[in-house]
Amino acid sequence: MTVHPTHPPFGSHRDLLLVGGMPLDRLAARVGSTPFFAYDRGIIDARVAELRQELPNSVRLAYAMKANPMAAVVQHLSRLVDGLDVASAHELHTALDTGINPESISFAGPGKTEAELRQAVAAGVTIELESFREALRVTSISERLGLRARVAIRVNPDFQVKGSGMKMGGGPQQFGVDAECVPDLLAQLRTWDLDFVGFHVFAGSQNLNAEIIAESQRQTLDLLLRLADSSPWPIRYLNIGGGFGIPYSQRARPLDLALVGRNLADLVPVLEARLPQAQLTIELGRYLVGESGIYVTRVIDRKVSRGKTYLVVDGGLHHQLAASGNFGQAIRRNYPLALGNRLTADADEIVSVVGCLCTPLDLLGDNVALPKAEVGDLLVIFQSGAYGLTASPTAFLGHPAPAECLV
Ligand SMILES: *Cc1c(COP(=O)(O)O)cnc(C)c1O
């Protein structure tokens, strides 16, 4: 008999989960309906504090909004970090609404439209150029608006980062300008009137191996120092991405942040000597918010089919696609789950937790050990703060959208 543990960042109060210091049943009553997402600002604060502690003081921290674009979350983070990274006009509006200095907003992503670029130039944010054509578009928009656009070049590096859940750099890519073509683009920029500030590299996501992250940061800075030699202007901005991962299973080990910090502390003096005006930025999404969130659904039915017990809940992959293993994961693994109202009961039953959609893909927990659940219980999925609601097909089957709250 094992007691089902609360997932590490969250606390418990008697046998109830604490979210933002509030027992889960009270939070559920306050929200008023299930399913819902709740994000704990205390956990976000602690994560930022840990990063500030472990990374050199001169390193700037940016939040990549696509991980969790909820306006309240972005507003909260805008006070804690040094920059926001956006990937669409809608995210740009949310970022500008926080009141953060527009120069601290960077806009990356392939296929930015004419309208998006116009809004970005007008707002004065840093546009991360993903191609020669995009550079030309930004130049003509700049001329038309009479505003000198602030731009950086997103570089597709000439190396790959191993161990990432998702690779976004190295080899052929739709992202960024191939490193070997950057000197040509810089030569073009010389003839155009843009405010060129520096470079951006984002090579991969969900990496738990600190040695590999450290090595890729060394390679990235080597590459950017070489490219800086072709720049007619001083480099003021160097965004070297991040890709820091969080553990989704009991077996996965958390990232050794101290090692990443020590490596950066070795690199910073080299950088300061070569490019004294450059501000080094680390840009993180998942690592800042992923562990702060839970997705809460209610058990609607429990049924036994030919000896196998199913808990049917009122949520599903239409809200939390990643927990079903269908958000690009190579191998399906259960997210950490708990019955939020039976935390200390013995986990003496093996069940499959399924959502309410008419597809066998809607599997939230495959053969998990849980305390014996009753209809009405609250099933909690941890690690749901990043790539949850907005990375899910909410329109599929037409169920209502879940509530979201920051507590
Ligand atoms: C998605 C993305 C991020 C955030 O990635 P995480 O793995 O969530 O930290 C950062 N930068 C860029 C350019 C991205 O596309």
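Residues numbered from 1 in each chain as written. Predicted model: local features only at pLDDT ≥ 70, side-chain atom pairs only at ≥ 80, totals over all residues. Heavy atoms only, no water.

1. Looking at the site of the ligand
Next up, step 1: Near the ligand, the surroundings consist of 12 residues, among which Lys 66, Ser 205, Glu 283, Arg 286 and Tyr 387 are the closest.
Next up, step 2: At a separation of 2.5 Å, an oxygen atom of the ligand approaches a polar side-chain atom of Ser 205.
Next up, step 3: The side chain of Glu 283 places a nitrogen or oxygen atom 2.6 Å from a nitrogen atom of the ligand.
Next up, step 4: Protein burial of the ligand: of its 390 Å² of free accessible surface, 95% is covered by the chains.
Next up, step 5: Taken together, the residues of the shell around the ligand break down into 5 nonpolar, 4 polar and 3 charged. (Near = heavy atom within 4 Å. Polar contact = N/O pair within 3.5 Å; in protein donor to acceptor, adjacent residues only side chain to side chain. Areas by Shrake-Rupley, 256 points an atom, 1.4 Å probe, with all protein chains shown as cover. Nonpolar A, V, L, I, M, F, W, Y, C, P; charged D, E, K, R; others polar.)

2. Some points on the nonpolar core
Next up, step 1: Core analysis: the largest hydrophobic core is formed by 103 residues, its most contacted members being Tyr 63 and Phe 199.
Next up, step 2: Split by domain, this core shows at least three residues from each of two domains, domain 1 (12-39 + 291-406) and domain 2 (69-284).
Next up, step 3: If we ignore the near neighbours within four places in the chain, the residues touching Phe 199 are Ala 152, Ile 153, Val 155, Val 182, Leu 186, Leu 224, Leu 227, Ala 228, Ile 235, Tyr 237, Leu 238 and Asn 239.
Next up, step 4: One finds Phe 36, Val 380, Phe 382 and Cys 405 within the second-largest nonpolar core, a separate group that totals 19 residues. (Core = buried A, V, L, I, M, F, W, Y, C linked by side-chain atoms within 4.5 Å. Buried < 20%, exposed > 50% of the residue type's maximum accessible area, 1.4 Å probe, protein only. Domains from an automatic or database assignment. Contact = heavy atoms within 4.5 Å.)

3. Some remarks on the pattern of salt bridges
Next up, step 1: The tally for this structure, following the rule as stated, stands at 13 salt bridges.
Next up, step 2: For Arg 150, the salt bridge is made with Glu 103, and the minimal N-O distance between the two is 3.5 Å. With Arg 150 in strand β9 (residues 150-156) and Glu 103 in the loop between α4 (89-97) and β7 (105-107), this pair connects stretches of sequence that are 47 residues apart.
Next up, step 3: Residue class for Arg 150 comes out buried when judged on its relative accessible area of 16%. (Salt bridge = Lys/Arg side-chain N within 4 Å of Asp/Glu carboxyl O. Helix = DSSP H or I, 4+ residues; strand = E, 2+ residues; numbered from the N terminus.)

4. Side note on the pairing of strand β6 (residues 83-86)
Next up, step 1: Both faces of β6 are covered, namely the face carrying Gly 83 and Asp 85 and the face carrying Leu 84 and Val 86.
Next up, step 2: Across 3 bridges, strand β5 (residues 60-64) lies against β6 in parallel orientation. The residue bridging Ala 64 from the neighbouring strand is Asp 85, located in β6.
Next up, step 3: Chirality of the crossover, the property in question, places the unit of β5, helix α3 (residues 71-78) and β6 among those that are right-handed.
Next up, step 4: With α4 bridging β6 and its parallel neighbour β7, the resulting β-α-β unit is right-handed. (Pairing = 2+ DSSP bridges. Right-handed = clockwise from strand over helix to strand, strands pointing away.)

5. Observations concerning the environment of Thr 394
Next up, step 1: Inspection of the secondary structure puts Thr 394 in the loop between β21 (378-381) and β22 (403-406).
Next up, step 2: As for Thr 394 and Leu 317, which are separated by 77 residues in sequence, their C-alpha atoms are 8.4 Å apart.
Next up, step 3: Ignoring anything within four residues of it in the chain, the contact list for Thr 394 reads His 318, Leu 389 and His 399.

6. Details of the domain arrangement of the protein chain
Next up, step 1: Domain boundaries assigned for the protein chain yield domain 1 (12-39 + 291-406) and domain 2 (69-284).
Next up, step 2: For domain 1 versus domain 2, the distance between C-alpha centres works out to 34 Å.
Next up, step 3: Listed as interface residues are 12 residues of domain 1 and, on the opposing side, 11 residues of domain 2.
Next up, step 4: Carbon and sulfur atoms supply 63% of the area buried between domain 1 and domain 2, which totals about 980 Å² over both sides.
Next up, step 5: In this assembly, domain 1 and domain 2 are joined by 0 salt bridges.
Next up, step 6: Per-element accounting of the side of domain 1 that touches domain 2 gives the leading share, 3 residues, to β22.
Next up, step 7: In terms of residue class, the side of domain 1 that touches domain 2 is made up of 6 nonpolar, 3 polar and 3 charged. (Buried area = accessible area lost by both parts, 1.4 Å probe.)

7. Side note on the side chain of Arg 60
Next up, step 1: As for its placement among the helices and strands, Arg 60 is situated in strand β5.
Next up, step 2: Here Arg 60 occupies a buried position and makes no salt bridge, while the nearest side chain of opposite charge, Asp 82, is found at 5.3 Å.
Next up, step 3: A polar contact of 2.9 Å, which involves the side chain of Arg 60, links it to the backbone oxygen of Asp 82.
Next up, step 4: Apart from the residues lying within four places of it in its own chain, the contact partners of Arg 60 are Asp 82, Ser 104, Gln 279, Leu 280, Thr 281 and Ile 282. (Lys, Arg positive; Asp, Glu negative; His and termini not counted.)

8. Structural notes on the packing of α4 against helix α5 (residues 114-123)
In a packed pair of helices, the relevant descriptors are the angle between the two axes and the axis-to-axis distance.
Next up, step 1: Relative orientation of the contacting elements α4 and α5 amounts to 20°, with a least axis distance of 10 Å. Between α4 and α5, the angle falls in the class roughly parallel. Seen along the crossing, α4 lies across α5 with a hand that is left-handed. Residue-level contacts link Ala 89, Leu 92, His 93 and Leu 96 of α4 to Glu 116, Gln 119, Ala 120 and Ala 123 of α5.
Next up, step 2: Split into classes, the residues belonging to the contact of α4 with α5 amount to 5 nonpolar, 2 polar and 1 charged. (Axes fitted to C-alpha atoms, helices over the stretch in contact; angles between N-to-C directions. Parallel < 35°, antiparallel > 145°, perpendicular 65-115°, else oblique. Left-handed = near helix turned anticlockwise from the far one by under 90°.)

9. As for helix α8 (residues 210-228)
Next up, step 1: Its 19 residues give α8 an end-to-end C-alpha distance of 26 Å, which sits within 8% of 27 Å, the value for a rise of 1.5 Å per residue.
Next up, step 2: Those residues of α8 that fall on the buried side of the exposure criterion are Ala 210, Ile 213, Ala 214, Ser 216, Gln 217, Thr 220, Leu 221, Leu 223, Leu 224, Leu 225, Leu 227 and Ala 228.
Next up, step 3: Those residues of α8 that are buried are in contact with β9, α7 (182-190), β12 (195-200), β14 (237-242), α9 (257-274) and β15 (279-284).
Next up, step 4: Put simply, Asn 209 is the residue that caps the front of α8, since its side-chain oxygen is 3.0 Å from the backbone nitrogen of Glu 211. (Expected span 1.5 Å × (residues − 1).)

10. Thoughts on the sheet that holds strand β2 (residues 16-19)
Next up, step 1: Read from one edge to the other, the open sheet built from 3 strands follows the order β1-β2-β3, with strand pairing classed as antiparallel. Sheet topology places β1 (11-13) and β3 (22-23) at the edges, where each strand pairs with a single neighbour.
Next up, step 2: Direction of pairing for β2 relative to β3: antiparallel, over a ladder of 2 bridges. Paired with Val 19 across the strands is Met 22, a residue of β3.

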